[in-house]
Amino acid sequence: MRVPLSWLREYVDLPATETGRDVQAKLISVGLEVETVEQLGDDLKGPLVVGKVLTIEELEGFKKPIRFCTVDVGQANGTGEPQEIVCGARNFAVGDKVVVVLPGAVLPGDFAIAARKTYGKTSHGMICSGDELGMGDDGSHGIIVLPPEHEVGTDAIELLQLVDEVLDIAVTPDRGYALSIRGVARETAIAYGLPLRDPALLDVPQPNAFGYPVQVSDPMGCDRFTARTVTGLDPEARSPLWLTRRLQKAGMRPISLAVDITNYVMLELGQPLHAYDRSRVQGPIGVRRAEQGEKLTTLDGAKRTLDAEDLVITDDRGPIGLAGVMGGANTEIDDTEGTTTEVVVEAAHFDALSISRTARRHKLASEASKRFERGVDPQAASAAAQRTVDLLVLLAGGTADAGVTEVIAPSAPHTITIPADHPDKVAGVAYGRETVVRRLQQVGCDVYGQDELIVTVPSWRPDLTDPNDLAEEVIRLEGYENLPSTLPKPPAGRGLTDRQRLHRRIGRALAGAGYVEAPNYPFIGEHVFDQFGLAADDPNRKVVKLVNPLSDEEPALRTTLLPGLLGALRRNDGRGSHDLALFETGLVFHPREELKIAVRLPVDRRPTDEEIASLTEALPVQPRHAAVVLAGAREQAGWWGKGRPSDWADAVEAARVLAREAGTELVVRGGQYGPWHPGRCAELAVVVEGVEQVIGYAGELHPGVLKTLGLPARTSAMELDLDVLELASSGVPKGPKISTFPVATQDVALVVDVAVPHAGVEAALREGAGELLESIRLFDVYENAAQLGEGKKSLAYALRFRAADRTLTVNEASAARDAAVSLAAELTGAVLRG
């Protein structure tokens, strides 16, 4: 919200010596975020005067149109003679009043003006545009043509209000009242301890039966609708300079008189308004929910398909506006034709949530929707309509109709009961009852009672809903800087939990293995499941959808980490980083079978275990997953060797790294799931309390998925459930016992069918070898139909045997090896090669 200091002074009698910086400091002290103070005209130096164009001579022979003008500037040039000026603009004529800057002046940007020869003539000054004077966008992008009533030689700096200070306030969502001069003026008055001249205190006529007919079909969506009519408007009337300048300083572009007045009143009182060309409205104005699929062309020219939840303004033809967001083109006041002589002014109060969802649904944020979704004062609607009518009568020569329409849904003011010492307890400061009552009254509350206060909240503060909100008002007005600095006294802790330690070990292990952590937003779009090739009944397709998502393209919470990680991999690959190994650990979200409503936890005490449990049951199931993605080279080529690309085995090894950190055995076998290549996918499982549970998958992604997502060829990935892995964990891994006795190594090559997985053979060898086996490693896979037979392969293993209390003999090691081979032959059909 941009607030000109000159406008603010109309409602608060600030000391003449107070600067914008002083006001900024005061407003910050009461909790408003004043980001900057813009010094308008700070680098502007006159003479800058009103001039009248006397003659215009068109200069020929140049690439662009050039005009040599004589301009009457009165006595501003010291001689009274016409000023000779060369100008290239075309939007003014002889007799027009313009703004002239004379030699010796300095324009914004340190642009000094002097007489100079150009296009064969000497130009003594310049005829100015709004851009050159730093006035902002007026929509014309040409020379400023002033109304004819201004006298030649008048100081244009004062006339155009070029010198001012503008406070730029970042209004937080809970302080919608600050999106108006009225709201900021109230905060300023409180900060300075001065009275406020409330611009909403107007004499408003009582509603009667002669006003424009209005029918509200949805009182929950629109609890107040005021309609006023003004006739006899001068279609040629234009916005006066003071009005256009205030709009420009506030960051709005002047459009036409009627629209400028509604925008001005919105900025002044915070109440969005809309003016309809009465001749283009057919029948009564209505407010209802849209019918699914209805069409509406809004003022921006876009044809929109309406949703059944959209609140719309209608006439006999159907929708003529999106309530609280934007009007329709079919009732627009067309300033280009200059035919509008009668307008109907709408000042209504709409449901904040409904307006917010409509604006988000149609991607149509407007000044009106920004205010409605933050909360607008419903009691200000009639005053805003009256203010608009008064300005239309004053500036456009109109006549206010006697008819006044007000449709109001009955509602009681909101009251809050609060102990008088509640702010003291919250802040840890003894304010006392008198201070609490005084501060609450300053923000507009009515306060009754002694030890127990009954507080009636003002209509412009819908954010005040419970005692802590009132305590915050007292604290901020008394000054956050006055709160004492007290260090908390936390009880002695017990350190990290086993779960937290495991997660940290996993992060360190993956980082040590060469992976880079890449956290992502936990949001996805459901189309990604089709891209991954998940079955229609896959549990991961059941998602938790957000009511107000950050992006309409990703409205759901993720059920897998891979979409975010693969998106990060794709972005980095597209920016030239082709050798990638990324990981993430984070929560995924699954909806519960039974939907429960979350309880509202208290803030004045610690919630009970039952309350916390009830809240947890209302939340989605949120297991923690770990995932990795790889592409490009896993080992770089160099003088040390050729290097190698990453492949499915690296993804499987990442899962083994996590299992080692958890101190558990990982079962790895061939599998098939979703985005993975069916022939290069490993199913990962662990044993929990004697029951084997699948916890994830690893391997190379399917070529079709890679093509759909735009990923590099042979990209690999792994994802598993850390919570189940933790259940299978044996706790913190213990360091191995170092034996002083030598190891006995035995190599064995087994011939098996091609379809037999290595994991099954290894498991059989490990079980058969018994307790003397220290480790087993697959070091060679060989396939040759001529030597091994069709459909056969050779798996060569290195078995290391060691005893903790003696040196093993050759016979003991050989016996253990033979036992391992025997069991492998029995379980997998393996035959000893050679």
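Residues numbered from 1 in each chain as written. Predicted model: local features only at pLDDT ≥ 70, side-chain atom pairs only at ≥ 80, totals over all residues. Heavy atoms only, no water.

**Student:** I tried to follow the overall build of the protein chain on my own but got confused; where do I start?
**Tutor:** The helix and strand tally for the protein chain stands at 22 helices and 42 strands. Its C-alpha atoms give the protein chain a radius of gyration of 38 Å, more than 25% over the compact-globule value 28 Å for 834 residues. For the protein chain, contacts bridging at least 24 residues in sequence account for 71% of all contacts bridging at least 6. Distance from the positive charge centre (87 side chains) to the negative charge centre (119 side chains) of the protein chain: 5 Å. (Helix = DSSP H or I, 4+ residues; strand = E, 2+ residues; numbered from the N terminus. Rg over C-alpha atoms; globule rule 2.2 N^0.38 Å. Contact = heavy atoms within 4.5 Å. Lys, Arg positive; Asp, Glu negative; His and termini not counted. Charge placed at Lys NZ, Arg CZ, Asp CG, Glu CD.)

**Student:** In this structure, what is going on with the layout of surface pockets? I would like to understand it.
**Tutor:** Remark: the empty space left among the atoms is shown by a probe the size of a water molecule rolled over them. Quantified by volume, the largest pocket comes out at close to 1,800 Å³. Contributing to the lining of the largest pocket are 42 residues, with R656, E665, L666, E762 and R766 lying nearest its centre. With seven residues, the single largest contributor to the lining of the largest pocket is helix α17 (residues 648–662). Within the lining of the largest pocket, the residues separate by chemical class into 20 nonpolar, nine polar and 13 charged. (1 Å grid on protein atoms, 1.4 Å probe; cavity = no way out; pocket = protein on both sides within 12 Å on 5 of 7 lines; lining within 4 Å. Points joined across faces, edges and corners; volume = space filled by probe spheres on them. Nonpolar A, V, L, I, M, F, W, Y, C, P; charged D, E, K, R; others polar.)

**Student:** Looking at this structure, how should I read empty space enclosed by the protein?
**Tutor:** The final tally for this structure, using the stated rule, is three cavities of 30 Å³ or more. Along its surface, the second largest cavity is lined by 16 residues, and Y177, S180, L269, G270 and D377 are the ones closest to its centre. Take the lining of the second largest cavity: its biggest share by element is three residues, from helix α4 (residues 181–192). Here the lining of the second largest cavity is built from residues that sort into six nonpolar, six polar and four charged.

**Student:** Whenever I open this one, the sheet that holds strand β23 (residues 343–350) confuses me. Can you help?
**Tutor:** Adjacent strands of a sheet form backbone hydrogen bonds with each other and so pair up, either parallel or antiparallel. Strand order across the open sheet formed by four strands is β16-β23-β15-β24, with antiparallel pairing between neighbours. Edge strands, defined here as strands with exactly one partner in the open sheet, are β16 (273–277) and β24 (399–408). Geometrically, the sheet is characterised by an average inter-axis angle of 20° between neighbouring strands, direction not taken into account. Alignment of β16 against β23, held across five bridges, turns out to be antiparallel. Looking at the pairing, A275 lines up with V345 of β23. Docked against the sheet, helix α9 (residues 381–396) engages β15 (222–231), β16, β23 and β24, running at close to 15° with respect to β15. (Pairing = 2+ DSSP bridges. Axes fitted to C-alpha atoms, helices over the stretch in contact; angles between N-to-C directions.)

**Student:** Even after reading the chapter, I still don't get the sheet that holds strand β22 (residues 326–327), so can you show me in this structure?
**Tutor:** Ordered by their spatial adjacency, five strands build an open sheet running β14-β17-β20-β21-β22, and the pairing between neighbours is mixed. Lying at the two open borders of the sheet, with one neighbouring strand each, are β14 (214–216) and β22. Note: strand β20 (residues 311–315) against strand β21 (residues 318–322), four bridges, orientation antiparallel. Directly across from T314, in β21, lies its bridge partner P319.

**Student:** What am I meant to see in the pattern of salt bridges here?
**Tutor:** Close approach of charged atoms allows side chains of opposite charge to pair. Taken as a whole and judged by the stated rule, the model has 57 salt bridges. Where R304 meets D300, a salt bridge forms, and the shortest distance between an N and an O atom there is 2.6 Å. Note on D300: relative accessible area 42%, which makes it partly exposed. The salt bridge partner of R714 is E700, with a shortest N-O separation of 3.0 Å. With a gap of 14 residues between them, R714 in the loop between α18 (703–709) and β38 (716–721) and E700 in strand β37 (residues 691–701) connect regions that are remote in the sequence. E700 gets classed as buried once you look at its relative accessible area, which sits at 3%. One salt-bridge network, in which partners are shared between bridges, spans R175, E187, R461, D463, E472, E473 and R476. (Salt bridge = Lys/Arg side-chain N within 4 Å of Asp/Glu carboxyl O. Buried < 20%, exposed > 50% of the residue type's maximum accessible area, 1.4 Å probe, protein only.)

**Student:** Where do I start with the packing of helix α20 (residues 758–769) against helix α22 (residues 810–828) in this structure?
**Tutor:** When two helices pack together, their arrangement is given by the angle between their axes and by how far apart the axes lie. At a closest axis distance of 7 Å, the pairing of α20 and α22 adopts a crossing angle of 135°. In terms of axis orientation, α20 runs oblique to α22. Seen along the crossing, α20 lies across α22 with a hand that is right-handed. When α20 is examined against α22, the residues G760, V761, A764, L765, E767, G768 and A769 are found in contact with a partner set consisting of A816, A819, A820, V821, L823, A824, L827 and T828. (Parallel < 35°, antiparallel > 145°, perpendicular 65-115°, else oblique. Left-handed = near helix turned anticlockwise from the far one by under 90°.)

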